[in-house]
Amino acid sequence: MMNKQQYIDRAEHALYKIYNRFPVVFDRGEGVRLYDTDGSEYLDFGAGIAVMGLGYGCRELNEAVKDQVDKLCHTSNLFYNEPAISAAEKLLAVSGMDKVFFTNSGTEAVEGALKVAKRYTFNKEMGQDYEIIAMKHSFHGRSLGALSVTGNDHYQEPFAPLIPNIRFARFNDLDSVKALFNEKTCAVIMETIQGEGGIYPATEEFIQGVRTLCDEHDALLILDEIQCGMGRSGEMFAWQAYGVKPDVMTVAKALGNGVPIGAFLACGRASAAMEPGDHGTTYGGNPLVCAAADKVLELFEEKRITEHVKEIGAYLWQELEKLSARCDGITAHRGRGLIQGLEFSTPVGPVVSNALLEQKLVLISAGSQVIRFVPPLVIEKADVDEMIGKLERAIQEVKRSVAEA
Ligand SMILES: *Cc1c(COP(=O)(O)O)cnc(C)c1O
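Residues numbered from 1 in each chain as written. Predicted model: local features only at pLDDT ≥ 70, side-chain atom pairs only at ≥ 80, totals over all residues. Heavy atoms only, no water.

**Details of the overall build of the protein**
Line of reasoning, step 1. The number of helices and strands found in the protein is 13 helices and 17 strands.
Line of reasoning, step 2. A globule of 405 residues ought to have a C-alpha radius of gyration of about 22 Å, and the protein, at 21 Å, matches this closely.
Line of reasoning, step 3. Projected onto its principal axes, the C-alpha coordinates of the protein cover approximately 65 × 55 × 45 Å.
Line of reasoning, step 4. Restricting the contact set of the protein to residue pairs at least 6 apart, pairs at least 24 apart contribute 72%.
Line of reasoning, step 5. Averaging the coordinates of the 41 positive side-chain charges in the protein and doing the same for the 56 negative ones gives two points 1 Å apart. (Helix = DSSP H or I, 4+ residues; strand = E, 2+ residues; numbered from the N terminus. Rg over C-alpha atoms; globule rule 2.2 N^0.38 Å. Contact = heavy atoms within 4.5 Å. Lys, Arg positive; Asp, Glu negative; His and termini not counted. Charge placed at Lys NZ, Arg CZ, Asp CG, Glu CD.)

**Observations concerning the side chain of Ser95**
Line of reasoning, step 1. Take Ser95: it is sitting in helix α4 (residues 82-95).
Line of reasoning, step 2. A distance of 3.2 Å separates the side chain of Ser95 from the backbone nitrogen of Met97, its partner in a polar contact.
Line of reasoning, step 3. Apart from the residues within four sequence positions on either side, Ser95 is in contact with Phe237, Trp239, Gln240, Lys245, Met249 and Leu265. (Polar contact = N/O pair within 3.5 Å; in protein donor to acceptor, adjacent residues only side chain to side chain.)

**As for the site of the ligand**
Line of reasoning, step 1. Around the ligand lies a shell formed by Ser105, Gly106, Thr107, Phe139, His140, Gly141, Glu191, Asp224, Ile226, Gln227 and Lys253.
Line of reasoning, step 2. The separation between an oxygen atom of the ligand and a polar main-chain atom of Gly106 is 2.8 Å.
Line of reasoning, step 3. Lys253 is positioned with one of its side-chain polar atoms (N or O) 2.6 Å from an oxygen atom of the ligand.
Line of reasoning, step 4. Notes on the ligand: free accessible area 380 Å², of which the protein chains cover 81%. (Near = heavy atom within 4 Å. Areas by Shrake-Rupley, 256 points an atom, 1.4 Å probe, with all protein chains shown as cover.)

**Some details on the pattern of salt bridges**
Line of reasoning, step 1. All chains considered together, the criterion is met by 27 salt bridges.
Line of reasoning, step 2. Across the pair Glu386 and Arg33 runs a salt bridge whose closest N-O atoms are separated by 3.0 Å. Residue Glu386 is located in helix α13 (residues 381-404), and its partner Arg33 is located in strand β2 (residues 33-36); the two are separated by 353 residues in the primary sequence.
Line of reasoning, step 3. Under the relative-accessibility criterion, Glu386 is labelled partly exposed at 28%.
Line of reasoning, step 4. A salt bridge links Glu196 to Arg372; the nearest nitrogen and oxygen atoms lie 2.7 Å apart. Of this pair, Glu196 sits in the loop between β8 (193-194) and β9 (200-201) while Arg372 sits in strand β17 (residues 370-373), and the two are 176 residues apart along the sequence. (Salt bridge = Lys/Arg side-chain N within 4 Å of Asp/Glu carboxyl O. Buried < 20%, exposed > 50% of the residue type's maximum accessible area, 1.4 Å probe, protein only.)

**Some points on the environment of Thr103**
Line of reasoning, step 1. Within the secondary structure, Thr103 is located in strand β4 (residues 99-103).
Line of reasoning, step 2. Of the residues examined, Thr103 reaches a relative accessible area of 2% and is grouped as buried.
Line of reasoning, step 3. Taking the C-alpha atoms as reference points, Thr103 and Val398, 295 residues apart in sequence, are found 41 Å from one another.
Line of reasoning, step 4. Once you skip the residues sitting within four places of it in the chain, Thr103 turns out to touch Glu108, Ala109, Ile261, Gly262, Ala263, Phe264 and Gly284.
Line of reasoning, step 5. Within the structure, the side chain of Thr103 is placed 3.5 Å from the backbone nitrogen of Ala263, a separation counted as a polar contact.

**Thoughts on the side chain of Thr250**
Line of reasoning, step 1. With respect to the helices, strands and loops of the structure, Thr250 is situated in strand β11 (residues 248-251).
Line of reasoning, step 2. Exposure remark for Thr250: the relative accessible area of 0% places this residue in the buried category.
Line of reasoning, step 3. Of note is the side chain of Thr250, whose polar atom sits 3.0 Å from the side chain of Asp224.
Line of reasoning, step 4. If we ignore the near neighbours within four places in the chain, the residues touching Thr250 are Ala109, Val110, Ala113, Leu223, Asp224, Glu225, Ile226, Ala263 and Phe264.

**Re the packing of aromatic side chains**
Line of reasoning, step 1. This model, assessed by the stated rule, comprises 4 aromatic pairs.
Line of reasoning, step 2. Judged by centre distance (5.0 Å) and plane angle (85°), the rings of Phe26 and Tyr42 are edge-to-face. Separated by 16 residues along the polypeptide, Phe26 in strand β1 (residues 26-30) and Tyr42 in strand β3 (residues 41-44) bring together distant segments of the chain.
Line of reasoning, step 3. Taking relative accessible area as the criterion, Phe26 reaches 36% and is therefore assigned partly exposed.
Line of reasoning, step 4. The aromatic ring of Tyr35 is capped on one face by Arg28, whose charged end is 4.1 Å from the ring centroid.
Line of reasoning, step 5. Above the ring of Tyr200, the side-chain terminus of Arg334 is found at 3.8 Å from the ring centroid. (Phe/Tyr/Trp six-rings, centres within 6.5 Å; stacked < 30°, edge-to-face > 60°. Lys NZ or Arg CZ within 6 Å of the ring centre and 35° of its normal.)

**Description of the nonpolar core**
Line of reasoning, step 1. Counting residues in each nonpolar core, the largest one holds 84 residues, and the members touching the most others are Phe45, Met230, Phe373, Met387 and Leu391.
Line of reasoning, step 2. Counting residues in each nonpolar core, the second largest holds 23 residues, with Val110, Ile226, Ala252 and Ala270 among its members. (Core = buried A, V, L, I, M, F, W, Y, C linked by side-chain atoms within 4.5 Å.)

Below, the structure written as structure tokens:
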């Protein structure tokens, strides 16, 4: 086996330089632990950015995927396949939505959701309502449509002009949404819990108010559940705690537990908006990835994941509250279930992440001032305790090095 630096040199030579990666080469995983090519063990609180809900090396899932590889990987959407039917039925059962379209990624799920909104208004009045309201500090993906509704100037600027007629409101500020609504508004898109923007859950008043505004204007409410969905908030989908229902919702990340699959789902009037020929994908919803999603959904039910998340999420909350009281420099603590964030008074997020890697803990930041806790959903209290100990040491270390600088 090569040493770490050799891998990194080869990677930097061959791969397009688009990421600033941590200097670690992961080799394998088991449960909530990752192992690098040097054999070091890491406790993982990042889950590959909220993907590995069931953790690494999940036996039953691996078996299901292996069986499907041997049976049939791909046929195209010109034909039906059994795993897609089964996965779709399970997804509808846990969401209460009416129709599913499988995609290859989160950003493609967002593209599809935006097309549903456009198609809906086209059916109604030939596209006269063409404005979409999105949120500042949101994240919906990197393809051009999803980027158009991502409220981040830094991501958007080099790729302008993007889709026109997108208006940005302030998340959790209902008046700012109200001020943008007019007769041309066809949809509002937002994350139920903003992830990349720094872990901001929608307030009940906000999400219910937006729902009402959408109803009054016959506009679609699109909720992006790509990061906060699939059990992470303690509900299967985060909106289920708010007494509202979206017209369209997007899901990806934990849906395939590492196998790339996403979906958009629609209900009611939105579920009939698209017609044959309006959209398509070659890979999307193929038997291989759907066998994974189907098994993931089965295991979520069997392992009562949402109940576990509620319990461990409450414990994580309590321990992070205690830690915040012990360490100065922590200015806020937000989140639900196993999607939580700690905000620092200064932009030390990436520095803390680096210090934690030294201690063999994977913990990612969300923006420069927030560290984000999105572990595998199967973590236990002892893992939380271990993480807290390492985090506290890292915070002290960063404080010392800042004081010395
Ligand atoms: C990660 C993410 C996306 C994009 O998903 P990709 O699979 O990376 O394209 C979209 N929306 C939210 C809320 C996300 O967290």
